[in-house]
Amino acid sequence: MSDRSRIAYVDGPRLRRALLAACRSGRQCKAELNRINVFPVADGDTGTNLSLTLEAVAGELARYRERRVDRMAAAAARSALLGARGNCGMMLSQFLLGFSGGLEGRARASLGEVASALTEGAQSLDAAVENPVEGTILTVVRDSASKAVSESVTKGSGDFAEAMVAMRETARESLARTPDLLPVLAEAGVVDAGAQGFVEMVEGVVRLIEKGDEGVEAEAVAGNGAEEDVHPEWSPIGAAEHPFTHGSRRYCTEILVEGPDLPGEGVVREALAEGSEELLVIRSEEILKIHLHTDHPRDAIDYCATLGTVVAHKAEDMLAQFEAARIARGKTVRRPVGIMVDSGSDLPDAVARAHGIHIIPLLLIDGERTLKDRIDISAGEFHAQLESGGPLPTTSQPPPGDFIAAYEHASTEAEVVVPILLAASLSGVFRSAENANDMVPHLDVRLVDSKGASILVGLLALKAAELAEAGADAEEIIAEVERIRAQSGILFTVRNLDRLIASGRVSQFAGWLGGVLDLKPVLGLGGDGTVKAFGKARGAARAKKLILDTVAAAIPPGAKRVRFGVIHAAAPEMAEQLRGELAARYEGAEILVAPITPVIATHLGPGAWGIAYTVED
């Protein structure tokens, strides 16, 4: 090991680099992990779930800068918990929470301190799993942490480089033993998929140490850093006769709850234990994340709604996933259908992550800079810029090249990609997507003009994702989305007309008159996706009443399956008022609340807000 590679301590920036390298390496093996995923259910999604979890971590750390190692670890743990998907994602997030706790109070950490934190992470994971099974990621994490501790104790060098190499070798050996500990793996001739994903993450850290950032980037340019799209000749899932190798419950259900007075993990586990399998409950401050296999996902979701705000939930039919994986056989194991939206959909990140919905960012042009919506600038940052006044950026649709890259990425996870996009009548986004689609005839991409905007597009995409998780094919999903759109809508208003005037939506005279009389225009979208005036009201209170009454009149009496989306630009108090009034009027209805994305907010200005609704009956 060269002197250059010797590392005596870890601080925030070093931990960030290591975690990003681990995320990159773990995501590269997605296809292989899906192929060998036979435990606890042979549904071929471990690679996808781990990749999406790591994507959430990498996305957070990419824009996070912190010198203290404890704060960097805490940011990684929180992002993993919020983005966790599947058993492997939940277990990884629990491990990172324990690891983060072990580093609390430290600005930098020695090898011994990091080894101790790794042990706390492994112990935290062991304690969280109600019925632990050896031969899984549990075993490999425990063995790896134990090796890190022994290296820090038996060797006086305190060199992270040497310790990580030893940890990697131990992880590899532990992974190779998983078939000996778990008969279903031996029968299928594979190692545990989640455990292999963890080993690949360790491999990524060692590669960073040995080759540095430049060496790792060079591998990526050469093609070794891209996500796999391999086509192995044999799939153990294709040869399986039944999906449920461990347990029998059909729906993989995940629920994210937020609130100030959440109960402890034990209380929630006890409430959900009956009739469930693979139950894992994690609480961190005001966040509660639940994973379980059940035949009655709605019962679990309804229970969680009594604990706090259900921010996101999903229920995937594992039998449908298994059948899709069996059909794939020698090909890459993918979902039948994947859903995509543009960032103008205002779909909350937690919801998009929960369902694996791909988001392609719209663009803002700020002088010489091109900013990717929701990546280079967040809604909160942009809303503050709106409030401060001054010149604002212009907006642009993604060029076809961005869409092509998004299609190719989404196609590594799904056989058919269904993008549900901002109305063609309002923007050039749809046309750019069409041009891109013409350039990738080898990919199966089915474009859908939502004839909507903002959170209405997000609600339609959410329904599409749920249908895909239930096993519907692309044609069924598109037909159902179009049916629901025909009986759904969105209405909004603005604080003043300044931004609408600037964008050419209203005349200067109409803007002056509205300001003098405090008139609030109530606008919305017709069924064809064009802007329509629904009236005007003097003052915010009357505008709110007009919008709520208009929405109520549009929803058929007796409709039972209704969803709402509430959006706002720097008006969180109004958004919470609307959430409360909708919840009172429509008991049990799901209500998403989200800030308006920068590309749309720049046209509406601060203080804008609105309501979208979808009727599924």
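A brief look at the structure comes next. (Residues numbered from 1 in each chain as written. Predicted model: local features only at pLDDT ≥ 70, side-chain atom pairs only at ≥ 80, totals over all residues. Heavy atoms only, no water.)

1. Section: the pairing of strand β10 (residues 414-421)
Then comes step 1: Most of β10 is tucked away, with seven of its eight residues classed as buried.
Then comes step 2: In this sheet, β10 lies alongside strand β5 (residues 335-342) in parallel orientation, the contact comprising six bridges. Looking at the pairing, Val341 lines up with Ile420 of β10.
Then comes step 3: Pairing geometry for β10 and strand β11 (residues 444-445), over two bridges, is parallel. If you follow Val416 over to β11, its bridge partner there is Asp444.
Then comes step 4: Pairing geometry for β10 and strand β12 (residues 448-449), over two bridges, is parallel. Across the sheet, residue Ile420 finds its bridge partner in β12, namely Val448. (Buried < 20%, exposed > 50% of the residue type's maximum accessible area, 1.4 Å probe, protein only. Helix = DSSP H or I, 4+ residues; strand = E, 2+ residues; numbered from the N terminus. Pairing = 2+ DSSP bridges.)

2. So, the layout of surface pockets
Then comes step 1: One number sums up the size of the second largest pocket: a volume of about 1000 Å³.
Then comes step 2: Surrounding the second largest pocket, 31 residues form its lining, Arg298, Ile301, His313, Arg563 and Glu590 being those nearest its centre.
Then comes step 3: Of all the elements in the fold, those that place two or more residues in the lining of the second largest pocket are α14 (297-305), β4 (309-317), α20 (455-469), β16 (562-568), α25 (572-585) and β17 (590-595).
Then comes step 4: Residues belonging to the lining of the second largest pocket are distributed by class as follows: 13 nonpolar, four polar and 14 charged. (1 Å grid on protein atoms, 1.4 Å probe; cavity = no way out; pocket = protein on both sides within 12 Å on 5 of 7 lines; lining within 4 Å. Points joined across faces, edges and corners; volume = space filled by probe spheres on them. Nonpolar A, V, L, I, M, F, W, Y, C, P; charged D, E, K, R; others polar.)

3. Considerations on the environment of Ser79
Then comes step 1: Within the element layout of this structure, Ser79 appears in helix α4 (residues 69-83).
Then comes step 2: Of the residues examined, Ser79 reaches a relative accessible area of 8% and is grouped as buried.
Then comes step 3: Taking the C-alpha atoms as reference points, Ser79 and Val57, 22 residues apart in sequence, are found 5.2 Å from one another.
Then comes step 4: Setting aside anything within four residues of it in sequence, one finds Ser79 in contact with Ala56, Val57 and Glu60.
Then comes step 5: A distance of 2.9 Å separates a polar atom in the side chain of Ser79 from the backbone oxygen of Ala76. (Contact = heavy atoms within 4.5 Å. Polar contact = N/O pair within 3.5 Å; in protein donor to acceptor, adjacent residues only side chain to side chain.)

4. Here we look at the sheet that holds strand β3 (residues 287-294)
Then comes step 1: The strand order across the open sheet formed by four strands is β2-β3-β1-β4, and the pairing between neighbours is antiparallel. Bordering the open sheet on either side are β2 (276-284) and β4, each of which pairs with just one other strand. Sheet twist, expressed as the average angle between the axes of neighbouring strands with direction ignored, equals 10°.
Then comes step 2: Looking at chain direction, strand β1 (residues 251-258) and β4 are connected through eight bridges and run antiparallel. Bridge assignment links Ile255 to a residue of β4, and that residue is His313.
Then comes step 3: Set on the sheet, α4 makes contact with β1, β2 and β3; between it and β3 the angle comes to about 40°.
Then comes step 4: The strands touched by helix α13 (residues 265-272) are β2 and β3; relative to β2, the strand with the most contacts, the crossing angle is about 155°. (Axes fitted to C-alpha atoms, helices over the stretch in contact; angles between N-to-C directions.)

5. Overview of empty space enclosed by the protein
Then comes step 1: As enumerated under the stated definition, the model contains five cavities of 30 Å³ or more in all.
Then comes step 2: Looking at the largest cavity, its volume works out to about 120 Å³.
Then comes step 3: Looking at the largest cavity, it is lined by 17 residues, and the ones nearest its centre are Asp43, Gly44, Asp45, Arg334 and Arg335.
Then comes step 4: At the level of elements, α3 (46-62), α15 (318-328) and β5 are the ones that each hand at least two residues to the lining of the largest cavity.
Then comes step 5: Here the element with the most residues in the lining of the largest cavity is α15; it accounts for three residues.

6. Considering the nonpolar core
Then comes step 1: Judged by nonpolar contacts, the single largest core of 154 residues is most densely connected at Ile339, Tyr407, Val418 and Ile420.
Then comes step 2: Look past the residues within four positions of Tyr407 in its chain and what remains in contact with it is Met340, Val417, Pro419, Ala433, Ala436, Asn437, Val440, Leu443, Val445 and Leu447.
Then comes step 3: Formed by 20 residues, the second largest nonpolar core is a distinct cluster that contains Leu491, Val562, Val566 and Trp609. (Core = buried A, V, L, I, M, F, W, Y, C linked by side-chain atoms within 4.5 Å.)

7. Describing the packing of α3 against helix α5 (residues 86-102)
Then comes step 1: Where α3 meets α5, the axes come as close as 7 Å, and the angle between the chain directions of the two elements is 35°. The interaxial crossing formed by α3 with α5 has right-handed handedness. Within the contact between the two elements, α3 uses Thr46, Asn49, Leu50, Thr53 and Leu54 and α5 uses Gly86, Cys88, Gly89 and Leu92.
Then comes step 2: Residue composition of the contact of α3 with α5, by class: four nonpolar, five polar and no charged. (Left-handed = near helix turned anticlockwise from the far one by under 90°.)

8. Focus: the pattern of salt bridges
Then comes step 1: Applying the stated criterion across every chain yields a total of 37 salt bridges.
Then comes step 2: Measuring nitrogen to oxygen at the nearest pair gives 2.9 Å for the salt bridge that ties Arg446 to Glu475. Of this pair, Arg446 sits in the loop between β11 and β12 while Glu475 is found in helix α21 (residues 474-485), placing the two residues 29 residues apart along the sequence.
Then comes step 3: Relative accessible area serves as the criterion here: at 46%, Glu475 is assigned to the partly exposed category.
Then comes step 4: Salt bridges sharing partners connect three or more residues here, namely Lys463, Glu466, Arg563, Glu590 and Glu616. (Salt bridge = Lys/Arg side-chain N within 4 Å of Asp/Glu carboxyl O.)

9. What about the sheet that holds β16?
Each strand in a sheet pairs with its neighbour through backbone hydrogen bonds, running either in the same direction (parallel) or in the opposite one (antiparallel).
Then comes step 1: What the six strands build is an open sheet, ordered β15-β14-β13-β18-β16-β17; its pairing is mixed. What marks the edges here is a single partner per strand, and that holds for β15 (531-538) and β17. On average, adjacent strands in this sheet sit at an angle of 20° to one another, irrespective of strand direction.
Then comes step 2: By the bridge criterion, six bridges tie β16 to β17 in an arrangement that is parallel. Counted as the bridge partner of Phe564 is Ile591 from β17.

10. Side note on the packing of aromatic side chains
Then comes step 1: Tallied over the entire structure, the rule returns four aromatic pairs.
Then comes step 2: A centroid spacing of 5.9 Å and a plane angle of 90° characterise the contact between Phe95 and Phe198, whose relative ring orientation is edge-to-face. Placement of Phe95 in helix α5 and of Phe198 in helix α11 (residues 193-221) is noted, with a sequence separation of 103 residues between them. Across this residue pair, the class does not change: Phe95 and Phe198 are buried.
Then comes step 3: Between the aromatic rings of Phe564 and Tyr586, the centroid separation amounts to 4.8 Å while the plane-to-plane angle is 45°, which identifies the pairing as tilted. (Phe/Tyr/Trp six-rings, centres within 6.5 Å; stacked < 30°, edge-to-face > 60°.)

11. Some words on the environment of Ile255
Then comes step 1: Mapped onto the elements of the fold, Ile255 is located in strand β1.
Then comes step 2: Since its relative accessible area comes to 0%, Ile255 is described here as buried.
Then comes step 3: Excluding its chain neighbours within four sequence positions, the residues that come into contact with Ile255 are Leu288, Lys289, Ile290, Ala300, Ile301, Cys304, Val310, Ala312 and His313.

As far as function goes, none of this settles anything; it's purely spatial.
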